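So you can see what is in the structure, the chains are spelled out below.
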Amino acid sequence: GDVYKRQVIPKHVLIQVHSSPINPSDLGFMRATYGDPTLQPNPPLVLGFEGSGIVAEVGEGVDKSWLGKRVCYFANCHSKDYIGSWCPFTLIPVDSLTVISEKIGLDVACMTQVNPKTIMGFYHIINTENHKALIHTAAASALGKMLLKLCNEK
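What counts, and at which threshold
- Along every chain, residues carry numbers that run from 1 in the direction the sequence is written.
- Per-residue local features of the predicted model are confined to residues with pLDDT of at least 70, and side-chain atom pairs are confined, for both listing and counting, to 80 or more; whole-chain, interface and lining totals are unaffected and use all residues.
- Side-chain metrics rest on all non-hydrogen atoms present in the structure, leaving aside hydrogens and water.
- Only runs of H or I of at least four residues qualify as helices and only runs of E of at least two qualify as strands under DSSP, and these elements are numbered from the N terminus.
- Two things to know: the radius of gyration comes from C-alpha atoms, and the globule rule equals 2.2 Å times the number of residues to the power 0.38.
- Throughout, exposure labels follow a simple rule: accessible area from a 1.4 Å probe, protein chains only, divided by the maximum for the residue type, with under 20% read as buried, over 50% as exposed, and the rest as partly exposed.
- The contact definition used throughout considers only heavy atoms, calling two residues in contact when any of these lie within 4.5 Å.
- To estimate the expected span of a helix, subtract one from its residue number and multiply by 1.5 Å.
- Note: the arc covers the axis-to-C-beta directions of the helix.
- Strands pair, by our definition, only if DSSP identifies at least two bridges between them.

### Thoughts on the overall build of the protein chain
- From N to C terminus, the protein chain includes 4 helices and 5 strands.
- When its helices and strands are written in sequence order, the protein chain yields β-α-β-β-β-β-α-α-α.
- The C-alpha atoms of the protein chain give 17 Å as radius of gyration, which agrees with the globular expectation for 154 residues (15 Å, within 12%).
- The principal-axis extent of the C-alpha atoms belonging to the protein chain is close to 50 × 40 × 25 Å.
- Across the 154 residues of the protein chain, 37% fall into the buried class.
- Restricting the contact set of the protein chain to residue pairs at least 6 apart, pairs at least 24 apart contribute 73%.

### Details of helix 3 (residues 114-128)
- Along its 15 residues, helix 3 runs 21 Å from first to last C-alpha, staying within 8% of the 21 Å computed at 1.5 Å per residue.
- All of the buried residues in helix 3 are V114, N115, I119, Y123 and I126. Projected down its long axis, helix 3 shows its buried positions confined to an angular sector of 160°, all on one face. Among the exposed residues of helix 3, those pointing more than 90 degrees away from its buried face are K117 and H124.
- A positive phi of about 55° marks N130, the residue just after helix 3.

### Observations regarding the pairing of strand 3 (residues 70-74)
- Burial analysis of strand 3 places 4 of its 5 residues in the buried class, which makes it a mostly covered element.
- Alignment of strand 2 (residues 50-58) against strand 3, held across 5 bridges, turns out to be antiparallel. Residue pairing across strands places G51 opposite Y73, the latter belonging to strand 3.
- Pairing of strand 3 with strand 5 (residues 97-99), which is carried by 3 bridges, proceeds in the antiparallel orientation. Paired with C72 across the two strands is T98, which belongs to strand 5.

This is the structure:
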């Protein structure tokens, strides 16, 4: 139940988590092979870099109109306040939230942060540096499929 429910801090919201995918980056973070190892949080560790849910509480400096909103978010693993999404509640900075339309399911919205932003980063680098090719070794992954679709469209 509430084992991971944290007290809300300023400029953050407490989200009742609905969905959170498993990304390879989550597993790499757990093994200290992803990101800066000096910034790894101490166990116990809750993984889950992205997710979706309902804003349950707001901290100081956050407009109360956020309460009850359906949102997706990125949980920054390099923040000292990091709490992953694989638990009933997570604490997220309000500026990391995206409001979700009622037309989009929370189970789909939870996957809109990590891979799409990675793809846009790849695409930006390819275009600004005039690369002719990109090697991606996990072509059958969700990331690979998104990258293939974007490159075929462009």
